[in-house]
Amino acid sequence: QVQLVESGGGLVQPGGSLRLSCAASGTIFSIYGMGWYRQAPGKQRELVATITSGAGTNYADSVKGRFTISRDNAKNTVYLQMDSLKPEDTAVYYCNAGRIGTPRGIILDAWGQGTLVTVSS
């Protein structure tokens, strides 16, 4: 069984930094696009950043220049380095894998359980 497990969330002051990690566990042949999404209280889930298996990246305008997405294909892990955090970045952050190849077939659109990031003084 494949699972995505996030870690690294917490409370940070405005201007601070956090690094989120998301590791895919289980027997995995390949993972194509991976990404981070977030959902603030009372708002819809929104894209934060995505990265292809070839390391092509895409960012929401609100985080460009502050957040950096990266991945380690050997570890089936995606990271989100968040710098210059603002109170409006407060949300539950979710990891997503668009397509995972496993011995039992293809898993589409897998999600982690989420990790809370709170930016507050």
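The preceding data block contains the structure.
Since this is a predicted model, take the numbers as computed values, not measurements.

The next thing to look at is the state of the cysteines. Enumeration according to the criterion identifies 1 disulfide in this entry. The partner cysteine of Cys 22 in its disulfide is Cys 95, sulfur to sulfur 2.1 Å. Taking the torsion about the sulfur-sulfur bond, which here is approximately -80°, the covalent link between Cys 22 and Cys 95 counts as left-handed. With a gap of 73 residues between them, Cys 22 in strand S3 (residues 18-25) and Cys 95 in strand S10 (residues 91-102) connect regions that are remote in the sequence.

This part takes up the nonpolar core. Looking at soluble globular proteins, one finds that nonpolar side chains tend to be buried together. Formed by 31 residues in total, the largest nonpolar core has its most connected members in Trp 36, Leu 80, Met 82 and Tyr 93. Secondary-structure elements contributing two or more residues to this core are S3, strand S5 (34-39), strand S6 (46-51), strand S8 (67-72), strand S9 (77-82), S10 and strand S12 (115-119). The element that contributes the greatest number of residues to this core is S10, accounting for 5 residues.

Residue position: Ile 106 is located in strand S11 (residues 105-111). On the accessibility criterion, Ile 106 (46% relative accessible area) is partly exposed. Taking C-alpha positions, Ile 106 is 9.7 Å from Ile 31, a pair spaced 75 residues apart along the chain. Apart from residues no more than four positions distant in its own chain, Ile 106 is found in contact with Arg 99, Ile 100 and Gly 101.

What follows concerns the sheet that holds S9. Ordered by their spatial adjacency, 4 strands build an open sheet running S1-S3-S9-S8, and the pairing between neighbours is antiparallel. The outermost strands of the open sheet, each flanked by one partner alone, are strand S1 (3-7) and S8. Adjacent strand axes in the sheet meet at a mean angle of 15°, parallel and antiparallel pairs treated alike. As judged from the 6 bridges shared by S3 and S9, these two strands associate in the antiparallel manner. By the bridge assignment, Arg 19 is partnered in S9 with Gln 81.

Each value, and the rule that gives it
Residues numbered from 1 in each chain as written. Predicted model: local features only at pLDDT ≥ 70, side-chain atom pairs only at ≥ 80, totals over all residues. Heavy atoms only, no water. Disulfide = S-S within 2.5 Å. Helix = DSSP H or I, 4+ residues; strand = E, 2+ residues; numbered from the N terminus. Core = buried A, V, L, I, M, F, W, Y, C linked by side-chain atoms within 4.5 Å. Buried < 20%, exposed > 50% of the residue type's maximum accessible area, 1.4 Å probe, protein only. Contact = heavy atoms within 4.5 Å. Pairing = 2+ DSSP bridges. Axes fitted to C-alpha atoms, helices over the stretch in contact; angles between N-to-C directions.

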